[in-house]
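Each chain is listed here by its residues.
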Amino acid sequence: MSSISLVKIALPGTDTSDRGPLLLWMVFTGLSIFAVILLWQYGLIRLMVTSDRTFISSLIAVLYIITSCHCLWRTWAITREGEAARRTGDILSAGDDTNALHVNAELLPAGLVTDHIRSLVTKAKAQAAGRIDQTLLLRSLADQLRGSNGFGAFASDTLMKLGLLGTIIGFIIMLAPIATLDAADKVAMKSSMGLMSDGMAVAMYTTLAGLVGSILVRIQYYMLDAATQRVFADAVTLTETRVTPALERQYHG
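Note that residues are indexed from 1 along each chain, following the sequence as it is written. Reporting in this predicted model follows two pLDDT cut-offs: at least 70 for local features of residues, and 80 or more for side-chain atom pairs to be given and counted; totals over whole chains, interfaces and linings ignore these cut-offs and use all residues. Heavy atoms from the whole structure form the basis of all side-chain values; hydrogens and water molecules are not counted.

## Quick word on the overall build of the protein chain
Right, so step 1: Only runs of H or I of at least four residues qualify as helices and only runs of E of at least two qualify as strands under DSSP, and these elements are numbered from the N terminus. Along the backbone of the protein chain there are ten helices and zero strands.
Right, so step 2: Across the protein chain, helices and strands are ordered from the amino to the carboxyl terminus as α-α-α-α-α-α-α-α-α-α.
Right, so step 3: Pairs at least 24 residues apart make up 78% of the contacts formed inside the protein chain by residues separated by at least 6 positions.
Right, so step 4: Accessible surface for the protein chain amounts to roughly 14500 Å². Of this, 69% is attributable to carbon and sulfur atoms. Residue contacts are defined here by distance: any two heavy atoms, one from each residue, within 4.5 Å place the two residues in contact. All accessible areas in this document rest on Shrake-Rupley with a 1.4 Å probe, and a residue is counted as covered only by the protein chains that are shown.

## So, unusual backbone geometry
Most peptide bonds adopt trans geometry, and most residues besides glycine take a negative phi value.
Right, so step 1: Of note, the phi angle at Phe55 is positive, near 60 degrees, even though the residue is not glycine.
Right, so step 2: On the secondary structure map, Phe55 appears in the loop between helix 3 (44-51) and helix 4 (56-94).
Right, so step 3: According to the relative accessible area criterion, Phe55 is exposed, its value standing at 53%. Only protein chains enter the accessibility calculation, which uses a 1.4 Å probe; a residue is then buried when its area is under 20% of its type maximum, exposed when over 50%, and partly exposed in between.

## Points about the pattern of salt bridges
Right, so step 1: Basic side-chain nitrogens of Lys or Arg form a salt bridge, by our definition, when they fall within 4 Å of a carboxyl oxygen of Asp or Glu. By the definition in use, this model includes four salt bridges.
Right, so step 2: Close ionic contact of Arg118 with Asp115 constitutes a salt bridge, the shortest N to O distance being 3.7 Å. Of this pair, Arg118 and Asp115 both sit in helix 7 (residues 112-126), three residues apart, which is roughly one turn of that helix.
Right, so step 3: Overall, Arg118 belongs to the partly exposed group, its relative accessible area being 24%.
Right, so step 4: Linking Glu240 and Arg131 is a salt bridge whose minimum nitrogen-to-oxygen distance equals 3.5 Å.

## Observations regarding helix 2 (residues 20-41)
Right, so step 1: A helix's residues, less one, multiplied by 1.5 Å, set its expected span. The terminal C-alpha atoms of helix 2, which comprises 22 residues, lie 32 Å apart, in line with the 32 Å expected from a rise of 1.5 Å per residue.
Right, so step 2: Listing the buried residues of helix 2 in full gives Pro21, Leu22, Trp25, Phe28, Thr29 and Ser32. Angular distribution of buried residues about the axis of helix 2 spans 130 degrees; they occupy a single face of the element. Facing away from the buried surface of helix 2 by more than 90 degrees, the exposed residues are Leu23, Val27, Leu31, Phe34 and Gln41.
Right, so step 3: Gly43 sits one or two positions beyond helix 2 and adopts a positive phi of about 80 degrees. Note that the arc is computed from the directions linking the helix axis to the C-beta atoms.

## What to know about the packing of helix 2 against helix 3
Right, so step 1: Structural elements are reduced to axes, namely lines fitted to C-alpha atoms, with helices fitted over the stretch in contact, and the angle between N-to-C directions of any two is expressed from 0 to 180 degrees. At a minimum axis separation of 5 Å, helix 2 and helix 3 run at an interaxial angle of 75 degrees. Comparing the axis directions of helix 2 and helix 3 gives the class roughly perpendicular. Here Val36, Leu39 and Trp40 of helix 2 lie close against helix 3, whose contacting residues are Leu44, Ile45 and Arg46.
Right, so step 2: Looking at the contact of helix 2 with helix 3 residue by residue, the class counts come to five nonpolar, no polar and one charged. Our angle categories are set so that under 35 degrees counts as roughly parallel, over 145 as roughly antiparallel, 65 to 115 as roughly perpendicular, and the remainder as oblique. Charged means Asp, Glu, Lys or Arg here, nonpolar means Ala, Val, Leu, Ile, Met, Phe, Trp, Tyr, Cys or Pro, and polar covers whatever is left, Gly included.

## Points about the packing of aromatic side chains
Right, so step 1: A pair of Phe, Tyr and Trp rings is counted when the ring centres sit within 6.5 Å of each other, with Trp represented by its six-membered ring. The angle between the planes then sorts it: under 30 degrees is stacked, over 60 is edge-to-face, the rest tilted. Under the defined criterion, the tally for this structure stands at one aromatic pair.
Right, so step 2: Residues Phe151 and Phe154 carry aromatic rings whose centres are separated by 6.2 Å and whose planes lie at 40 degrees to one another, so their mutual orientation is tilted. A residue pair is termed a helical-turn pair when its members lie 3 or 4 positions apart in one helix, as Phe151 and Phe154 do in helix 9 (residues 151-175) at three residues.
Right, so step 3: Taking the relative accessible area as the measure of exposure, Phe151 reaches 31% and is therefore partly exposed.
Right, so step 4: Working rule: Lys NZ or Arg CZ, within 6 Å of ring centre, within 35 degrees of ring normal, means a charge sits over the ring. Lying over the aromatic face of Trp40, Arg46 brings its terminal NZ or CZ to 4.9 Å of the ring centre.
Right, so step 5: Above the plane of the ring of Trp73 lies Arg74, whose end atom (NZ or CZ) is 5.7 Å from the centre.

## Description of the environment of Val212
Right, so step 1: Structurally, the position occupied by Val212 is in helix 10 (residues 186-252).
Right, so step 2: Relative accessible area serves as the criterion here: at 40%, Val212 is assigned to the partly exposed category.
Right, so step 3: A sequence separation of 56 residues divides Val212 from Ser156, and the C-alpha atoms of the two residues are 9.9 Å apart.

## Thoughts on the confidence of the model for the protein chain
Low pLDDT means the predicted coordinates in that region are not meant to be read closely.
Right, so step 1: Taken over all residues, the pLDDT of the protein chain has a mean of 81, while the share at 70 or more is 79%.
Right, so step 2: Confidence per residue, as judged by the predictor, is encoded in pLDDT with a range of 0 to 100. Between the elements of the protein chain, mean pLDDT differs from a low of 34, seen in helix 1 (residues 2-10), to a high of 92, seen in helix 2.
Right, so step 3: Long-range and interchain partners of residues 1-17, a stretch whose pLDDT sits below 50, account for six contacts in this model, where long-range means more than four residues apart.

## Notes on the state of the cysteines
Right, so step 1: We call a pair of cysteine sulfur atoms a disulfide when they lie within 2.5 Å. For the structure shown, the criterion picks out zero disulfides.
Right, so step 2: There is no disulfide at Cys69, and the cysteine sulfur nearest it, in Cys71, is 10.0 Å away.
Right, so step 3: For Cys69, a relative accessible area of 48% gives the class partly exposed.

## Some remarks on the nonpolar core
Right, so step 1: What makes a nonpolar core is a set of buried Ala, Val, Leu, Ile, Met, Phe, Trp, Tyr and Cys residues whose side-chain atoms join them at distances within 4.5 Å. In terms of nonpolar packing, the biggest core is built from 34 residues, with Ile60, Leu92, Val113, Ile117, Val217, Val243 and Leu247 touching the most fellow members.
Right, so step 2: At the level of elements, helix 2, helix 4, helix 7, helix 8 (135-146), helix 9 and helix 10 are the ones that each hand at least two residues to this core.
Right, so step 3: Here Val113 is in contact with Glu81, Ala85, Leu141, Ala235 and Leu238, once residues within four sequence places are set aside.

Written out as C-alpha cells, the structure is:
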C-alpha cells in the first residue's frame, strides 16, 4: 500500500521539464517577426522610416528590441527557477523530507526556492519552539523572483511617451509654416503644404509606433509576470505542505 501511494505522489514529477513560459515567448515573438516581415514586404516599414525625419520611430523600434531581449533573459531565468522548484518538490515528495532537509538542504538543486528552504532550515534551528512563520521570507522570495520585471512597465511607458513626443514634434512641424503663409505666393504655398504633410507623417507614424510597441511590451511582461506568480505559488505550496511541517517535527519535536 505504501509503495502504491509513493508512486502516486511521484507521478506528477515524472513529466518533462516545463518550458511553457519560454515557448510562449518564442511563439509570440515569432508572430511579431512574421508581422514585421509582411509590413516590410508591402513597403510600410520603409515608408515609416523615410517619412519620420525625427527618427523617433526608429528609436522606438530599437528600444523595443532591447526590451524584448531583456524579457527573454528574465523568462529564461524564471523557467530555470520553475524547473529547479519542481525538482525540489520531486525530491521532497519521493523521499524522506527530514533526510532531504538535513545538513542545510544540500541535496536540493540550486535555485531561489532552495535558498528559501535553507533559510527556513536556519530559522528552525535558531527558533526555540512554536510554528515556523515564513511570511517575511516569502516576501523576500517574491522580490527575488520578480527581479527586474518592473523594467517592462518602465519600457512600456517610455515607448508610449516617445510616441506622444513624436506627435507633438510632428504638429509643431505641421503648424510652423502657417505663421508665414502667403496665399498669393503659390511656390510658398506648395512648400508649406509639403512641410505640413511631413509634420503630419511624423506625428502619425511616431504615435503608431509608440502605441504598438507599448502594447507588445505589455503583453510580453504580462506573460512573464504570470510565470513568476506560478513559480511563487508552487514554492508557497511546497514549503507549507512539505518543508515547514518536516522542520517542526525535526527541531521542535
